[in-house]
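For reference, the chains in residue letters:
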Amino acid sequence: MREDRARRFVPRLLLPVLVSPVLLLALAGPAWAQTGWGAGGGSRDAVDTLLPWPLLAVLGVVALVSSALVAGTAALGFLAPPSRSSMLLVQSAAAVAVVALVIRCVGGGISAFAALPQAAGAAVIAVLFARGARSASAVGGVLLTAALAYDATIAHTGWHVGLAAVHMVAAVTWLGAAVLVATPACGARFTVVRRVTLVFAVSAVVAVSAAALEAVAKGMRFDAVTATSLTGLLVLIQALGMLVAVSTGLCRPGAVGGRVVAYSAGLVFTAGSVLMLVTPPPAPAEPGRPLLRTVALADQDAPVVVAPQRPGRNLVHVGMAGALVGGVRAEERPGAPGGWAVVDLPAGTDVLTVEAGGDQVSLRLDLGPDPAPPALVAGLTGPDGPECLSAVVGRVLRGAADLPAACPADALSEADAATLRATVRFLGDRDVPALYLVTDGSRRSAAAAAVVREAAAGNGLPVANRLDRADAALVVAGWEVGGRKLTDEALGLSSVARTYTAPWLATNAVLGRQTGAVTTLDFDPLDVSAQRYLADLRAAGLTPLASPAGFRAWTAPGDAGPAVAGPRIFASVQISMMPTGAGEMDNRTTDPWLPGGSLTPVTPPLPR
């Protein structure tokens, strides 16, 4: 009679294992949408694999869950004799693990060196466990658990390595204990529960504690943003499933209780597996520091910058135009990439919503108690805000803790003044008939115009009040006016023989539109230091914000960089060039200053 009941129980017990892939596919759909693995979005689409990444990811977590079940059950098998149900469960899990690992290996998601030993180990352990070799299968289970723990630490550094290993070992042990409680041999249920009680409870506490510590270490905050996210829902499912499994297994170790433990354990590990596919909620911001984040919007990864992230008016940059930021539309601006919005954030605001393409993301803010310097706020929210934000980003990437007092457009630096004088001297030596200035209302532009006029007078170069096709034009305006002027020239609305720009206009949005303009710089964008700056921008997803202002803010005070004989004139060309010193850059020096093109010197160093 009991044997018949056991046989009827086996198919029900196997249900969590067999249904896990289906549940995984259903629950992982929103996760793929968040990570951009759907229609053409994620960075993993570029990987050369035979199978799509979503399927490879599901196969990976199915293999992990199945291997964990085999390892945990076998490692604790010495505590109780294997039952018919536990043997069938371990064999089925091993078969699922082997199939998932082989398909994933063939599909290109994992190397044979990593997949085949794990598959062989799971199969051997299942055979030993089914044949009653409890000691040998226990040793194999411990070794497989150690291998899974090692795999869990690969993406971690520092003390996070130990925490990830403890989390995996505790989770695998808890799953094995759950299997023993749910599938005891006939007449041995109370004996098994008595032996496994301590392991069952302690491993649950350790697994939950380690998971919580990992979440806190990654910046997760247990607030309304997390609670309403897919991550929060899965964590809640895990917590409730583990509570039900432990309480049922310890308080009601009967046949019905065994089924409850089995289903609860399967649900816990299914939810935990999906968590590995889900993009977690954005981490909290550092108090009072500009916020740099990358979020999933409209089937793509979009960078978001909030500066200065203080009470009052803030400039928000989104990597796409048209997004709604706190109800304000991020509009395109001449000479600047992406979308831009000025948003008022009262003190105490802790969440900023960004919406685009039907997706909505909540960014956690921590504005701090103090407002930003008034000059910085005025610059960020004015016409030169995008350049100011690029300088702030460079400062953040450098690791500076404080905010700048003002923006680059508030004053003309000595380096830029010297570069402008060298440009005027170059034009004077070329017998240019006259020079036409393009300015705007910023203090830097006014100071630059004064420097240019003084240098032109010293070099016998007239400054014209009207644009003539035979003259040269020198643009000393900011990104907005300068970008519009150069775009007009490229479209044929105005045309001159030679167009030169101030050094602060050497950006992709200004020079990267085949305008034919050239610029004078006192640094080489292909030098090692500039390439490191570009690599840091790329890591933050903000390569389009590369600018001389950002590079100078990124350069630490006192770091003069490589010595240069003098400023040189650079032209924008539509080819990518391998920078010098690439072997010294840890393979990070592959970024052109202008995406899709490059700034190439066309003159030797000019006299200072």
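Procedures and definitions
Residues numbered from 1 in each chain as written. Predicted model: local features only at pLDDT ≥ 70, side-chain atom pairs only at ≥ 80, totals over all residues. Heavy atoms only, no water. Buried < 20%, exposed > 50% of the residue type's maximum accessible area, 1.4 Å probe, protein only. Helix = DSSP H or I, 4+ residues; strand = E, 2+ residues; numbered from the N terminus. Pairing = 2+ DSSP bridges. Phe/Tyr/Trp six-rings, centres within 6.5 Å; stacked < 30°, edge-to-face > 60°. Lys NZ or Arg CZ within 6 Å of the ring centre and 35° of its normal. Patch = residues over 30% accessible without salt bridge, like charges linked within 9 Å, V, L, I, M, F, W, Y side chains within 5 Å. Areas by Shrake-Rupley, 256 points an atom, 1.4 Å probe, with all protein chains shown as cover. Salt bridge = Lys/Arg side-chain N within 4 Å of Asp/Glu carboxyl O. Axes fitted to C-alpha atoms, helices over the stretch in contact; angles between N-to-C directions. pLDDT = per-residue confidence, 0-100. Contact = heavy atoms within 4.5 Å. Core = buried A, V, L, I, M, F, W, Y, C linked by side-chain atoms within 4.5 Å. Parallel < 35°, antiparallel > 145°, perpendicular 65-115°, else oblique. Left-handed = near helix turned anticlockwise from the far one by under 90°. Nonpolar A, V, L, I, M, F, W, Y, C, P; charged D, E, K, R; others polar. Disulfide = S-S within 2.5 Å. Expected span 1.5 Å × (residues − 1).

Moving on: the pairing of strand 2 (residues 300–307). Of all 8 residues in strand 2, 6 are buried; the element is thus mostly enclosed. As paired strands, strand 1 (residues 291–297) and strand 2 are joined by 7 bridges and run antiparallel to one another. Within strand 2, the residue paired with R293 across the bridge is V304. The loop that links strand 1 with its antiparallel partner strand 2 comprises 2 residues; one of these, A298, has a positive phi angle of about 50°. Bridging between strand 2 and strand 3 (residues 312–318) involves 4 bridges; their strand directions are antiparallel. Residue pairing across strands places A307 opposite L315, the latter belonging to strand 3. The antiparallel pairing of strand 2 with strand 3 creates a hairpin that spans 4 residues between the two strands, and Q309 there sits at a positive phi of about 60°.

Before going further, it helps to examine the packing of aromatic side chains. In total, this model carries 8 aromatic pairs according to the counting rule given. Between F551 and W554 the ring centres are 6.2 Å apart and the planes differ by 20°, which places this aromatic pair in the stacked class. Of the two residues, F551 and W554 are both situated in helix 18 (residues 548–554); the distance of 3 residues between them amounts to about one turn of the helix. Exposure class is identical for F551 and W554. Each is buried. Within the aromatic cluster, the residues linked to one another by ring pairs are F523, Y533, F551, W554 and W593. The aromatic ring of W504 is capped on one face by R444, whose charged end is 4.1 Å from the ring centroid.

Glancing now at a nonpolar patch on the surface. A cluster of nonpolar residues, V166, L198, V202 and V206, forms a patch on the protein surface that exposes about 330 Å² of accessible area. Its location among the elements puts L198 in helix 7 (residues 189–217).

The 5 strands are arranged 1-2-3-7-6 in an open sheet whose pairing can be described as antiparallel. With one partner strand each, in any of the chains shown, strand 1 and strand 6 (331–333) form the two edges of the open sheet. Sheet twist, expressed as the mean angle between neighbouring strand axes with direction ignored, is 35°.

Here we come to the confidence of the model for the protein chain. Considering every residue of the protein chain, the mean pLDDT works out to 79; 78% of them sit at 70 or more. In this model residues 1–47 is a low-confidence stretch, pLDDT under 50, and it forms 82 contacts with partners more than four residues away in sequence or in other chains. Overall, residues 576–589 carries pLDDT values under 50, and its contacts beyond four positions in sequence, including any with other chains, amount to 25 contacts.

A cis amide bond links A307 with the next residue in sequence, P308, at an omega value of 5°. Among the structural elements, P308 can be located in the loop between strand 2 and strand 3. Of note in the backbone geometry, Q309 takes a positive phi value of approximately 60° without being a glycine. Summarising the element assignment, Q309 is placed in the loop between strand 2 and strand 3. Even without glycine at this site, D431 takes up a positive phi of about 55°.

All right, on to the nonpolar core then. Soluble globular proteins tend to pack their nonpolar side chains together in the buried interior. Ranked by internal contacts, the top residues of the largest apolar core, which has 70 residues, are L389, V476 and W593. Those residues in contact with W593 that sit more than four places away from it in its chain are A506, F523, P525, A530, Y533, L534, A546, S547, P548, F551 and L599. Among the nonpolar cores identified, the runner-up in size contains 38 residues, and A71, A122, F129 and V192 belong to it.

A few words on the packing of helix 2 (residues 53–75) against helix 6 (residues 159–182). Where helix 2 meets helix 6, the axes come as close as 7 Å, and the angle between the chain directions of the two elements is 70°. When the axis of helix 2 is compared with that of helix 6, the two are roughly perpendicular. The two elements helix 2 and helix 6 cross, and the hand of that crossing is right-handed. In this structure, helix 2 uses L64, V65, A68, L69, A71, G72 and T73 to contact helix 6, whose residues at the interface are M168, V172, L175, G176, V179 and L180. Across the contact of helix 2 with helix 6, the residue classes tally to 10 nonpolar, 3 polar and no charged.

The subject of this paragraph is the state of the cysteines. Following the criterion strictly, the structure yields 1 disulfide and no others. Linked covalently through their sulfurs, C388 and C407 form a disulfide whose S-S length is 2.0 Å. As the torsion about the S-S bond is roughly -65°, the C388-C407 disulfide counts as left-handed. One end of the pair, C388, is in helix 12 (residues 385–398); the other, C407, is in the loop between helix 12 and helix 13 (414–429), with 19 residues separating them in the sequence. Taken individually, C388 and C407 each receive the classification buried, so the pair is uniform in this respect.

With that settled, consider helix 12. The end-to-end C-alpha separation of helix 12 is 20 Å, in line with the 20 Å expected for 14 residues at 1.5 Å each. When helix 12 is considered as a whole, its buried residues turn out to be G385, P386, E387, C388, L389, S390, A391, V392, V393, G394, R395 and V396. A positive phi of about 100° marks G399, the residue just after helix 12.

The next thing to look at is the packing of helix 13 against helix 14 (residues 443–458). The contact between helix 13 and helix 14 brings their axes to 9 Å, and the two run at 35°. In the crossing of helix 13 with helix 14, the sense of the turn from one axis to the other is right-handed. Two secondary-structure elements touch here, helix 13 through A417, L420, R421 and V424 and helix 14 through A448, V451, V452, A455 and A456. For the contact of helix 13 with helix 14, a count of residues per class yields 8 nonpolar, no polar and 1 charged.

This part covers the pattern of salt bridges. Per the stated rule, a full pass over the model turns up 9 salt bridges. Ionic pairing is found between R444 and E387, a salt bridge with its closest N-O pair at 2.7 Å. One end of the pair, R444, is in helix 14; the other, E387, is in helix 12, with 57 residues separating them in the sequence. In this pair, the class of R444 matches that of E387, namely buried. Two residues, R484 and E480, come together in a salt bridge whose shortest N-O distance is 3.7 Å. Highlighted residues: R484 and E480, both in helix 15 (residues 479–490), separated by 4 residues, approximately one helical turn. Its relative accessible area of 39% is what places R484 among the partly exposed residues. When its relative accessible area of 22% is taken as the criterion, E480 is described as partly exposed. By sharing partners, the salt bridges in this structure join R333, E480 and R484 into a single network.

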